[in-house]
Each structure stands twice: as structure tokens, then as C-alpha cells.
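# Secondary and tertiary structure notes
Here are the chains, one letter per residue:
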Amino acid sequence: MTELRERASRIRLVIFDVDGVLTDGSLYLGDDGQEYKAFNSRDGHGMVLLQESGIRLAVVTGRTSNVVRMRMESLGVSDIFQGYRHKLPAYEQLKQVHGLTDDQVAYVGDDIIDLPVMRRVGLAIAVADADPRVRELAHWRTTAPGGRGAAREACEFILDAQGHLEPLLASYV
């Protein structure tokens, strides 16, 4: 556990997949072709807490959806990469733009499309209901499934390892 907390203490950027991580992976399509997704508000607040502690956030997703852009913008996330079935180019761009090394980046994923990036980052996190290959590769796994508190759990784990969690929570009591 000490090595894991050391990995988490170095994180300066957390990249989230969307479908299966920030949502439960369900895709709701209306008769008009409109796509709907359900996001967990507590996951969103965890992302806000990460940003308040100075950690950057990004999303990299294989699908493209206006609702993802709107939700991320509402959370203050400006690094939004949609339509990236191959996620390494977005990952490399994020590292370059923000001047980061692999060990300063965490990635939260759930499916095999996430494996190439997860192999590179300093802290690879799998949600509880991730594909078995993703869970096996991950440095750490959440106990909550995607879209049901997994992102919040990952955020709080990193915040705790960096000594930011208790001071942030204290401002609410």
C-alpha cells in the first residue's frame, strides 16, 4: 500500500474515460437520435475537489457526445478529447501541453480501449466492474462500479495520498 500511495502522491493530472467510468456504460438513445447519459453528482463533486487541490482533469473517450462536453464544462474540465478510439495520441498531447511525465498522470478506465494508456501512466485505476484485463493491469481498483461512485472514490484516494482530503472535507463541516 505504501508504493501505491507514493504513486498517488505524484499525480498532477487525472484522465477519466467516460462510458463505464463517469457513467454506468449505458447508452440511452431517443427516437430523434439524441444521446443521453446519466452522471453521478458525487463523482462530479470529487472531480471538483481534485481541481480545488490543484490537480488537472481531462476526459478521453472513444465516443462523441454533446452531453459529455456540457457536463465536463459544467465541472470546469477544459481538456475534453472525444472520438478517440485510440487514446494514446490524446494522452501524449496532454502530457506535452501540461509538461508532465508518465508518473505524474493517473488514468481511470474500464474497458480494453483504455489499456494502452493505462500501461503508461504512473497510476492506473480500474473501476470495480471493469473488464477483467483492465482490473488485472490496474495498480488500484475501486470498490464502486462505474457511474456509481467509482470516480469519487478515485478522487478521494488521490487527495488522501497527497494530504488534501481532510482539509477539503473540513471546509464542509
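Refer to the structure presented above.
Residues numbered from 1 in each chain as written. Predicted model: local features only at pLDDT ≥ 70, side-chain atom pairs only at ≥ 80, totals over all residues. Heavy atoms only, no water.

The subject of this paragraph is the overall build of the protein chain. Counting its regular elements, the protein chain contains 8 helices and 8 strands. Taken over C-alpha atoms, the radius of gyration comes to 15 Å for the protein chain, in line with the 16 Å a tight globule of 173 residues would show. Across its three principal directions, the C-alpha atoms of the protein chain cover 50 × 40 × 30 Å. Long-range pairs, those at least 24 residues apart, make up 56% of the contacts in the protein chain with a sequence separation of at least 6. With an accessible surface of roughly 8,300 Å², the protein chain has 48% of that area assigned to carbon and sulfur atoms. For the protein chain, the distance from the average position of its 20 positive side-chain charges to the average position of its 25 negative side-chain charges is 2 Å. (Helix = DSSP H or I, 4+ residues; strand = E, 2+ residues; numbered from the N terminus. Rg over C-alpha atoms; globule rule 2.2 N^0.38 Å. Contact = heavy atoms within 4.5 Å. Areas by Shrake-Rupley, 256 points an atom, 1.4 Å probe, with all protein chains shown as cover. Lys, Arg positive; Asp, Glu negative; His and termini not counted. Charge placed at Lys NZ, Arg CZ, Asp CG, Glu CD.)

Right, let's talk about the pairing of strand S6 (residues 105-109) for a bit. Burial analysis of S6 places 5 of its 5 residues in the buried class, which makes it a mostly covered element. Side chains of S6 alternate between two faces, with Val105, Tyr107 and Gly109 and Ala106 and Val108 buried alike. Across 4 bridges, strand S1 (residues 13-16) lies against S6 in parallel orientation. If you follow Phe16 over to S6, its bridge partner there is Val108. Alignment of S6 against strand S7 (residues 123-126), held across 4 bridges, turns out to be parallel. Paired with Val108 across the strands is Ile125, a residue of S7. (Buried < 20%, exposed > 50% of the residue type's maximum accessible area, 1.4 Å probe, protein only. Pairing = 2+ DSSP bridges.)

Each pair of packed helices can be summarised by the angle the axes make with each other and by the distance between the axes. Closest axis-to-axis distance for the helix H1 (residues 2-9)/helix H7 (residues 150-161) pair is 8 Å, and the angle between their directions is 90 degrees. Taken together, the axes of H1 and H7 are roughly perpendicular relative to one another. Of H7, the residues touching H1 (which contributes Leu4, Arg5, Ala8 and Ser9) are Phe157, Ile158, Asp160 and Ala161. A per-class count over the contact of H1 with H7 returns 5 nonpolar, 1 polar and 2 charged. (Axes fitted to C-alpha atoms, helices over the stretch in contact; angles between N-to-C directions. Parallel < 35°, antiparallel > 145°, perpendicular 65-115°, else oblique. Nonpolar A, V, L, I, M, F, W, Y, C, P; charged D, E, K, R; others polar.)

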